[in-house]
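# Overview (structure and organization)
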Amino acid sequence: MNIKNIALVLCLLASRLVLADQNSDTVNFKLNLNNAIKYLKSDENRLTFQEALKKLENGQFISNSLSQPLNFGYDSSDFWFYTEYRNQNIALKVLELPYPYHQHLDLYINKDSSWQKIETGTLLPFHSRGTLQPLDYAWPISAQSGDNIKVMINIRSKAPVIVGLNLRSQTSYLTNAENVNLLYGLFFGALMIMLLYNLFLFVIIRDVTYLYYVLLVLANTAVFAAVTGYAFKYLHPETPEINVYIKEFLIAFLTIPTSLFAISFLELKKNSKAAYNVLLAMLCLGAFISISTLFGVTYGFSSLIISFQAPLLLVIGVIARIKGNKIANFYIIAWSGYLVGGLAMTLRNRGVLPATFLTDHGAEFGTALDLFLLALALAYKYKKIRNEKSQLQRENIRLVEQQNEILEERVRQRTELINSTLEMVKHQHEDLMSRNSEMNSSIDYALKIQQSMFPDKEKLIKSFKDVMLFNQPKETVSGDFFFFERINNKLFVAVVDCTGHGVPGALMSMAGYNLFYDAINVEKLDNPSAILQYVENHLHLRLNQKEKIVKDGMEAAICMIDTKTKQVHFCGAQRPLLVIRSKKDPELIKGSKRSIGGYFQNLEEGFHSHTLDYNENTCLYLYSDGFQDQFGGIHDKKYLSKNMIQKLVTLSGLKGAHQEMKLEEEFNSWKGEKEQVDDVLILGLKL
């Protein structure tokens, strides 16, 4: 009985050891599936999953016998990849594709004779990558022991097509991800330390070379953040559109700070004019490619230009050293490492070199070495400059001491002169400020007087169904005004544009308003042409234009609206009337080809009235020429009358307040930062 118990215990211990060993294997499990991948490259139209599956069954997929990842470089064809494996235990597995920049990636997994589709890629939000939220691509797969797992992957991308598959245990995957995050954290942390340290030196020393170095570090940091997927995961996970061209843009943009740093650090403008011009051309080419990449014009050219620039910078460093620039030694060694790492990554992306650890991460090693050595070179250069400055300072101190007595006397004399001048300027400034304050107060008071004389918008609202009034003076007071008077069933409305703007225009507007008032209320005139003729005659008298050459005058558009006969009587002095009964058939009635007042010319041309019927849907627009004459837009041209009329026709169906808001937005958008050329007044009435 004891022997049986001992045997039982030994069996239990043995099984425990076997299970522990199996669990250890399960925890650290990693299987390279690269040599089990079959692939199909379709240069035709995009295949459906069923079509690809049929080609797989027909043996049209190509088998990969290598353990290295498949590398097709830049190829926008439709790629399909297939692999399968038999699950050996029940533990949760993770299928890993460790290359993060595929734009369209569809994963199909077959378990229990059914296919499950998962869509992801850099053109979908980051959460499409599943619960693991990997930087690359990883999918948890749960299966029973002995299950046959089939995997189909479809990739379409403008980025390099590199595919390698690993099957890991969940613990193995998470441990590896933590290690990768730790290493990249150290990498980016080192870059940030160098950036902040040299930015601090730039603030102290004010040498632009340090600023270019900071830009160089910043550009490299941005490139690797985009390439590794950290930028996508932590900066813009819900805006995948940024991924379309950002990597290509940043790599091409990298040529700009590298060229600027080389020009400044090696002092090429002074020491080598040819190298200086070559790098300027390279800088411009890099700027062009980086910008055009955003529009998809030069996609894929960024790696070419950086591959061309890296050896070029190395050659320029050698030339600088041959010419006696000792600090070029650091520069040559730094760019040698950068060249090797960058060239390895570029050739990998082009499909020339296989995807290995060195080609995948050579750029990081080369960049870290490059930036570290360039930082040492800057420190050496700073020490050299500081020694030279110290020697110059000692010499300057000696010279300064010799000049101190002479300068002190000159300073004393000039100080007395400056003090007397400052005192005089101070009094003049106070006088100007006082006069300016008085002038502004006068103008503000003139505005109050002008506003008190002219009718307000509320009078119009009481007499019409709807009113639109857009009034934007060029200065505080305006030379444009509108007139309104109601006498029984007759409504008199006018928009007047006086010569000039500001104070002169305001004075003319007040004179004009009184003349319109007298013509209608005192002389009892109701014919628009007679009213304009009255204003014309009396304006000449008031401005004494018969004896003096005074060109001041006004343009006007006036309507007499008879609500009893449902007619509009219009007359204009170089100003039109826009009538809109429907948006499809607007009518523009031009005014007479002469203004009111000014030089005596075209007097044979009288003021002619027009009569038209109106209905309840009729809209009238009277306006000055300030809006249409405003310069603006991308070509700095006038807005033009035809565009303004079209705008008014478009807006005519809206409420008056809404029209005012839209006109203000249009005017300010057209004008932009340019100066307003004239007063603007537009009056719209719905009858």
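Structural data are supplied above this passage.
Here's a quick rundown of the structure. Within each chain, residues carry numbers counting from 1 in the order of the written sequence. Totals for whole chains, interfaces and linings use all residues, but because this is a predicted model, local features are given only for residues with pLDDT of at least 70 and pairs of side-chain atoms are given and counted only at 80 or more. As a rule here, side-chain values cover all heavy atoms of the structure and leave hydrogens and water aside.

## Concerning the pairing of strand 16 (residues 553-562)
Put simply, the rule is: To sort residues, take the accessible area from a 1.4 Å probe on protein chains only and compare it with the maximum for the residue type: under 20% means buried, over 50% means exposed, and anything in between is partly exposed. Only DSSP runs of H or I covering at least 4 residues are called helices, and only runs of E covering at least 2 are called strands; the numbering of each starts at the N terminus. By this definition, two strands are paired if DSSP reports at least two bridges between them.
In terms of residue burial, strand 16 counts as a mostly covered element, since ten of its ten residues are buried. As paired elements, strand 15 (residues 490-498) and strand 16 share nine bridges and run antiparallel to each other. Residue V496 lies in a different strand from strand 16, and its bridge partner there is A556. As paired strands, strand 16 and strand 17 (residues 567-573) are joined by six bridges and run antiparallel to one another. Along strand 17, the bridge assignment pairs M560 with H569. The hairpin turn running from strand 16 into strand 17, its antiparallel successor, is four residues long, and K566 in that turn takes a positive phi close to 60°.

## Some remarks on the packing of aromatic side chains
Heads up, the condition is: Aromatic pairs are defined between Phe, Tyr and Trp rings, using the six-membered ring for Trp, whenever the two ring centres lie within 6.5 Å; interplanar angles under 30 degrees are classed as stacked, those over 60 as edge-to-face, and all others as tilted.
Per the counting criterion, the structure on display carries 31 aromatic pairs. Taking 6.0 Å as the distance between ring centres and 55° as the angle between the ring planes, the aromatic pair formed by Y213 and F261 counts as tilted. Of the two residues, Y213 sits in helix 4 (residues 208-228) while F261 sits in helix 7 (residues 255-265), which places them 48 residues apart along the sequence. On the basis of relative accessible area, F261 is assigned to the buried category, the value being 0%. With centroids separated by 6.1 Å and ring planes inclined at 20°, the aromatic side chains of F265 and Y331 adopt a geometry described as stacked. Note that F265 is positioned in helix 7 and Y331 in helix 11 (residues 328-349), a separation of 66 residues in sequence.

## A closer look at the sheet that holds strand 18 (residues 577-580)
For the record, the criterion: For helices, the fitted line uses only the C-alpha atoms of the stretch in contact; every axis is such a line through C-alpha atoms, and the angle between N-to-C directions lies from 0 to 180 degrees. Here, residues are in contact when the closest pair of their heavy atoms is within 4.5 Å.
The strand order 13-25-22-18-19 describes an open sheet built from five strands, whose pairing is antiparallel. Only two strands of the sheet have a single partner each, and these edge strands are strand 13 (466-472) and strand 19 (586-589). Taking each pair of neighbouring strands and ignoring which way they run, the sheet shows an average axis angle of 15°. Examined bridge by bridge, strand 22 (residues 619-623) and strand 25 (residues 680-686) share five bridges and lie antiparallel to one another. Looking at strand 25, one finds that C619 is bridged to K686. Across the sheet, helix 17 (residues 656-671) touches strand 13, strand 22 and strand 25, and the angle it forms with strand 13 is around 25°.

## Side note on the pairing of strand 12 (residues 166-169)
Where burial is concerned, the two faces of strand 12 agree: the one with N166 and R168 and the one with L167 and S169 are both buried. Where strand 1 (residues 30-32) lies against strand 12, three bridges are found, and the strand directions are antiparallel. Of the residues in strand 12, the one forming a bridge with L31 is L167. The pairing of strand 6 (residues 93-97) with strand 12 spans four bridges and is classified as antiparallel. Looking across to strand 12, one finds that L95 is bridged to L167.

## A look at the pattern of salt bridges
Put simply, the rule is: Just to be clear on terms, a salt bridge is a Lys or Arg side-chain nitrogen sitting within 4 Å of an Asp or Glu carboxyl oxygen.
Taken as a whole and assessed by the stated rule, the structure comprises 18 salt bridges. Salt-bridge contacts for K474 lead to E675; the nearest nitrogen and oxygen are separated by 3.1 Å. Taken together, the residues K474 in the loop between strand 13 and strand 14 (480-487) and E675 in the loop between helix 17 and strand 25 connect sequence positions 201 residues apart. Among the charged side chains, a salt-bridge network with shared partners connects R46, D106 and R156.

## A short note on the packing of helix 10 (residues 302-322) against helix 11
When two helices pack together, you describe them by how their axes are tilted relative to each other and by the distance separating the axes. Rule in force here: Should an angle fall under 35 degrees it is called roughly parallel, over 145 degrees roughly antiparallel, and 65 to 115 degrees roughly perpendicular, with every other angle called oblique. Handedness of a helix crossing follows the sense of rotation of the near helix relative to the far helix, less than a right angle counterclockwise being left-handed and clockwise being right-handed.
The geometry of helix 10 relative to helix 11 is characterised by a closest axis approach of 9 Å and an angle of 160° between their N-to-C directions. For the element pair helix 10 / helix 11, the angle class is roughly antiparallel. Our pair here, helix 10 against helix 11, has a crossing hand that is left-handed. Residues S303, I306, S307, A310, P311, L313, L314, G317, V318, A320 and R321 of helix 10 pack against A328, N329, Y331, I332, W335, S336, Y338, L339 and T346 of helix 11.

## Notes on the environment of D360
Note the threshold: We call two N or O atoms a polar contact when they sit within 3.5 Å, provided that within protein one can donate a hydrogen and the other can accept it, with sequence-adjacent residues counted only if both atoms are side-chain atoms.
In this fold, D360 is placed in helix 12 (residues 357-453). Assessed through its relative accessible area of 17%, D360 is described here as buried. Along the backbone, D360 and C284 are 76 residues apart, and their C-alpha atoms lie at a distance of 29 Å. Discounting residues that sit within four places of it in the chain, D360 has contacts with Y99, R348 and A355. At a separation of 2.9 Å, a polar atom in the side chain of D360 contacts the side chain of Y99. In this structure the side chain of D360 is engaged in a polar contact, spanning 2.8 Å, whose partner is the side chain of R348.

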